[in-house]
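A look at the structure
Now for the letters of each chain:
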Amino acid sequence: MTSNCRRPEHTAPPDVFYNESEAKKYSQNSRMIEIQTQMSERAVELLNLPEGQPCFLLDVGCGSGLSGDFLSEEGHYWVGVDISTAMLDVALDREVEGDLLVGDMGQGMPFRAGTFDGCISISALQWLCNADKRTHSPPKRLFTFFSTLYSSLSRGSRAVFQLYPENSEQLELITTQAMRAGFGGGMVVDYPNSTKAKKFFLCLFAGVTGALPKGLGAETSDRGVSNQVQYSGQRSRFKNMKGKSAKKGRDWILEKKERRRRQGREVRADTKYTARQRRPHF
């Protein structure tokens, strides 16, 4: 994972970025609606709620209420929290069935202990890793959020966050603060070998430990590729290349060919000539 200067959280604070024009996209763009619904469905699946039993759920970063619509369709009751009033206005215009609350997740969740049977969040958690004000400390804001969320969940429930991490350090920061707040669990990665379909879900257990769900993508378990995020500050893959470009080395080419094989693509067999440099022609 690498940094992308065009990431929304690098553009402006969430309450500024999600203005009226941006909020309208979430009620008019069919592709955006479809993606939000799919991710909400997967998040609810990871919650592992009792079958056929209505639950009271929290939707953090609810936005225009697209994820809440899916919760309502599944027969659940929900409360949505979002920092953007423009997004919440769209949710009100759409007449969503959940209750809505304006709030900054970094300041904590203002609910009584044991209120909710579960929590979902779609594309919101990574915003807490940015310091939009001088007084903002990402580790402290993450811990405040997770600790107050932990207390507002009933024991034995889960919280599932779909997020777009910027790098491995950001993932480690998020999971560390979640564990400090008392949660168990970890990161579930769907389709880890796909660039477009790859999705990160932080699956947290409140008050009880359990087996972490497996990420989607059968080829990961078949070939022994872990679907859990591994944290490392070391760069050892190309340490012996002595200044050569990583994309021109044999290790990089062999890894790319193997990745394409895992994706089911047709790839030429490896030989002693693979990645061998050709002589210059005049």
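If you're wondering where the values come from, they're calculated on a predicted model, not measured in any experiment. (Residues numbered from 1 in each chain as written. Predicted model: local features only at pLDDT ≥ 70, side-chain atom pairs only at ≥ 80, totals over all residues. Heavy atoms only, no water.)

1. With respect to the packing of helix α3 (residues 30-47) against helix α4 (residues 66-73)
Running from N to C, α3 and α4 point in directions that differ by 50°, and their axes come no closer than 8 Å. In terms of orientation, α3 lies oblique with respect to α4. For the element pair α3 and α4, the recorded crossing hand is right-handed. Judged by residue contacts, I33, Q36, T37, S40, E41 and V44 of α3 engage L66, S67, F70 and L71 from α4. (Axes fitted to C-alpha atoms, helices over the stretch in contact; angles between N-to-C directions. Helix = DSSP H or I, 4+ residues; strand = E, 2+ residues; numbered from the N terminus. Parallel < 35°, antiparallel > 145°, perpendicular 65-115°, else oblique. Left-handed = near helix turned anticlockwise from the far one by under 90°. Contact = heavy atoms within 4.5 Å.)

2. Regarding the packing of helix α2 (residues 20-28) against α3
Interaxial distance between α2 and α3 falls to 6 Å at its minimum, and their mutual angle equals 75°. Between α2 and α3, the crossing angle belongs to the class labelled roughly perpendicular. Where α2 approaches α3, its residues K25, Y26, S27 and Q28 are matched on the opposing element by S30, M32, I33 and Q36.

3. Regarding the pairing of strand β4 (residues 116-122)
For β4, a buried count of six out of seven residues is recorded, marking the element as mostly surrounded by other parts of the structure. Two elements, strand β1 (residues 56-60) and β4, share three bridges in a ladder whose sense is parallel. Counted as the bridge partner of L58 is C119 from β4. Read from β4 through helix α6 (residues 138-152) to strand β5 (residues 153-163), the crossover connection turns out right-handed. (Buried < 20%, exposed > 50% of the residue type's maximum accessible area, 1.4 Å probe, protein only. Pairing = 2+ DSSP bridges. Right-handed = clockwise from strand over helix to strand, strands pointing away.)

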